[in-house]
Each structure stands twice: as structure tokens, then as C-alpha cells.
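What follows is each chain in one-letter form.
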Amino acid sequence: MKRIGNIRKKVLTKENLEKVVQHLCRNEKKKNWTPSMKRKWSNLLKNKDMNLAMIYTDLINMNYTFHPFNRFTRNERGKIRQIYASCPEDQIVDNILTIALEYVFMEKKKIIHPHAYGSIKGRGQHELREKIIKILKNAEGQNIYVAVCDTRQYYPTINHEIMMRFLEHHIKDKWLLWLCKATLERMPGDAGMALGLCSSNILGHIYHAAIDWHMTVEFGIKDYYRFCDDKIMIHKDKNFLHSAVRELQQEVLGLKQEVKSNWRVINASKERVPFLGGYINTTNAFIKPSGRRRIERRIRKEIKLPFNSEQDCERILKSWAGIMGGLKSLSIGNIISTWKEKYSIFFERLAFAKNKVEERRAYKIKRKKIEAELYEAIDIRSVENQIKYPLTQCQSFIPVHIVPFSNRNI
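Here's a quick rundown of the structure. (Residues numbered from 1 in each chain as written. Predicted model: local features only at pLDDT ≥ 70, side-chain atom pairs only at ≥ 80, totals over all residues. Heavy atoms only, no water.)

1. A few points about the packing of aromatic side chains
Between two aromatic rings, the relevant description is the distance of the centres plus the angle of the planes. Overall, the coordinates contain 10 aromatic pairs when judged by the stated rule. Ring geometry for Tyr64 against Phe66: centres 5.3 Å apart, planes inclined by 85°, an arrangement best described as edge-to-face. For Tyr64, a relative accessible area of 9% puts it in the buried group. Overall, the relative accessible area of 17% leaves Phe66 in the buried class. Geometrically, the ring pair formed by Phe219 and Phe240 is tilted, given 5.3 Å between the ring centres and 35° between the ring planes. With Phe219 in the loop between α11 (209–218) and β5 (223–227) and Phe240 in helix α12 (residues 238–254), the pair connects residues that are 21 residues apart, well separated along the chain. Its relative accessible area of 21% is what places Phe240 among the partly exposed residues. In this arrangement the basic side chain of Arg272 is found over the ring face of Tyr279, its NZ or CZ atom lying 4.2 Å from the centre. Over the ring of Tyr279 we find Lys288, and its NZ or CZ is 5.8 Å from the ring centre. (Phe/Tyr/Trp six-rings, centres within 6.5 Å; stacked < 30°, edge-to-face > 60°. Buried < 20%, exposed > 50% of the residue type's maximum accessible area, 1.4 Å probe, protein only. Helix = DSSP H or I, 4+ residues; strand = E, 2+ residues; numbered from the N terminus. Lys NZ or Arg CZ within 6 Å of the ring centre and 35° of its normal.)

2. Observations concerning helix α15 (residues 333–342)
Given 3.6 residues to a turn, an α-helix orients residues that are three or four positions apart in the same direction. Taken residue by residue, α15 has Ile335, Ile336 and Trp339 as its buried positions. Down the axis, α15 shows its buried residues gathered within 100° of arc, on one side only. Opposite its buried face, α15 presents the exposed residues Asn334 and Glu341, each directed more than 90 degrees away. (Arc of directions from axis to C-beta.)

3. Examining the pairing of β5
Across a regular strand the side chains alternate sides, sitting on one face of the sheet and then on the other. Counting buried residues along β5, five of its five residues qualify, which places the element largely inside the surrounding structure. Taking every second residue as pointing to the same face, both faces of β5 are buried, with Asp223, Tyr225 and Phe227 on one and Tyr224 and Arg226 on the other. Of the strand pairs in this sheet, strand β3 (residues 116–117) and β5 are connected by two bridges, and their pairing is parallel. For Ala116, the partnering residue across the bridge sits in β5 and is Arg226. The pairing of β5 with strand β6 (residues 230–235) spans five bridges and is antiparallel. Among the inter-strand pairings, Arg226 is bridged to a residue of β6, identified as Lys231. Hairpin remark: β5 followed by β6, antiparallel, with two residues in the connecting loop; positive phi at Cys228, about 55°. (Pairing = 2+ DSSP bridges.)

Function cannot be inferred from these measures alone, as they are strictly geometric.
What follows is the structure, given as C-alpha cells:
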């Protein structure tokens, strides 16, 4: 198989570095910055051109040195995860590496399987849920079985030597191989990928890409899907799925990893399938009771907070947007009705905040219309009109105040 070369010239450009900085400094990212991260970014952006030129030169000469990680733990539904945060310079380099790997493995060679989901644009958890529900619906009236299995400690057990061997098999460019090796060596020992890096997502997909193709092409299981380290297989024959899981276990062992022993083969026509934090059956996907309790705790916490300013409106709208984002592909009509009765104060505040946003949007449209009419009525290109009607006087007629937010408490 032909290896891909000449990648550095296509990926490592000053234009790409600028785009990466704009992407990392967008408003959504800035709001999650810690005070120390804000200081680091402000220092980099003060002399942005000089700092980007230094990063560019170091990468071209292959002598860029990564900084130590800032490590912290995060509790995700009872699981304690070690997260690794990087400084701004390392984040920029890591994004360049991600662009290069996506170019090789997704654009040129298409090594990453189309049934691999998670951290890929257009292939998130909601799309995978909808895909599985569609397959199960088509088999309605028949017995259809689903095998669900998970890899134990997926990212911490990714072997560096196996990963580099796989990368060298597809990449010819020495610069990209050097950058991949330097990124892997940021983790001590001969195994492990840092959770929190942008490149860890694409490298995680690359590590199991060969298994994905083996299971679908060689073993012959058509409905095989993977979400990061979670795998789900659908078939009409229960015994065939047991054989598929045993085959998968052997393949995963070859990568020095292990499938968890709690894997199951479920009759989806009689029992709900637990997958991606919810339950799936032949018609819909439902939220788990633990997930429902977690959201209700969040709503109760929001009710206790004050609600008498514009910032409080923005806060409650963002909170609800986050809740609904996680419930996008789930059947939640009955739950929402129950919550509206149980937490009426929260939903009254939410409706009030939405009305204020609509008022502001309508006001901005009206203001733009008034400005356009004024500028059309007064020809600012004419010197005589500028003398008779200075632009400053014209602007004084334009309402510039913001619709004041009511101090009413709900």
C-alpha cells in the first residue's frame, strides 16, 4: 500500500497557524479558560506574529520541545479520569498534528472506518443512536440481537510501539512521523495517550481502525459500529454474535488491550440495550434514571440561584441548551412534561429569558432598518449634504440605547 509523503508543505503553513489560533480563541473556548490559561494566551497574543514565527521555525527544523502537562482529575459519572491540559503553544502544535492526521487517514487514504463514531464531524453520539434505532426498527417483528462490549482503560493502554508501526505503514513524511513520536513520548512509559489532547481522538480511532475493517470485511458482520472504545454489533443470529465477540477479544489482545468481561448479547426485541448513557429499543432511545436524576439536580441548583439581571438570563439559557444538547436523540416528551409541572419556576424563568432574547433581536432588526433609512435619506458622499447635515448630527437621531432588562424577580 502506497505511503503518503510531502505532508509538511501542505499542512504546516502560516495561514494554518493563524486559523488554528482563531479556532482556539473563539468565544466558546474563552469562556472555559481558567485565569492562568487567560494569562498564558494573553502573553502569546501580545506578540502573536513573533510567537507564531518561532513555533513555525521550530516545527520546520524539527526541534520543537513540548512543555509539561498541567494535570487534574475529573469525576465523570463515578469514573475518575486523569485530564492533561497543555499550554497555548502546545495546543497550536497539537491542532496542526490533528489536521495532518485527518488529511492522511480521512481524506487521502480513508483508513478510519465509516462506522467509527465519536469526535468526528457529523459522526457523534446522536447520529449513532439514530442509526442503531433505524436498524432495529427495520427488524421489527423478528428476533434481533445486539452485542455490546467495551475496551478496558482504552487510552491509557494504547501501545506506543504498535501505534508508531501502524503510522509508519501509512506515512512516508519524516516530519509528521517525528511529530507523532514526540506527541506519544509526552506520556511516560511505553503506553498511554493523554486525555485532553485534540490529537488523542484521531489517534484513538487510528489504533482500532484495522480491527474495524477486519470485523466488517473479513469476519463479515455488516452492522458493526464503534464509538471511541465502545463497540456494538447487531445480527439476527445470537451464536454468530458470540463468535464475533470472541474474535474481537483476540484482535484487541493483539493490540495489548483487553475487552471488559461485562459484555452482553441482548435480544433487542424483548429487552432494552444500554448504550451511550441511555437505553435503546426497537422504537426509541431513553435516558437512564441516573442521567435523569443528574439533570434534575442541575435544575434545582439553577432555581436556587438569583434571577434579576441580564446575565442571569444568559446563564439559564446556556444551562438549558447544555441539558437539551445531551438529550437531542432521546425520547423525552413525557419527561419534559413532568419537569414542567415539578419545576414550574425554572420553566417560567426560561420562558421569560427567551422572550427577552426575542425582544432584543427584534429591536436590533428595527434599529438596523432605521439606520439604513437615515443613511439612504442623507447622501453622505455629497460634500454639500455633509456640511448641511454632519454625520454626527444624523447619528444622534439613531436610538443607541439597549432595551433595559426588567428587574422583576420570578
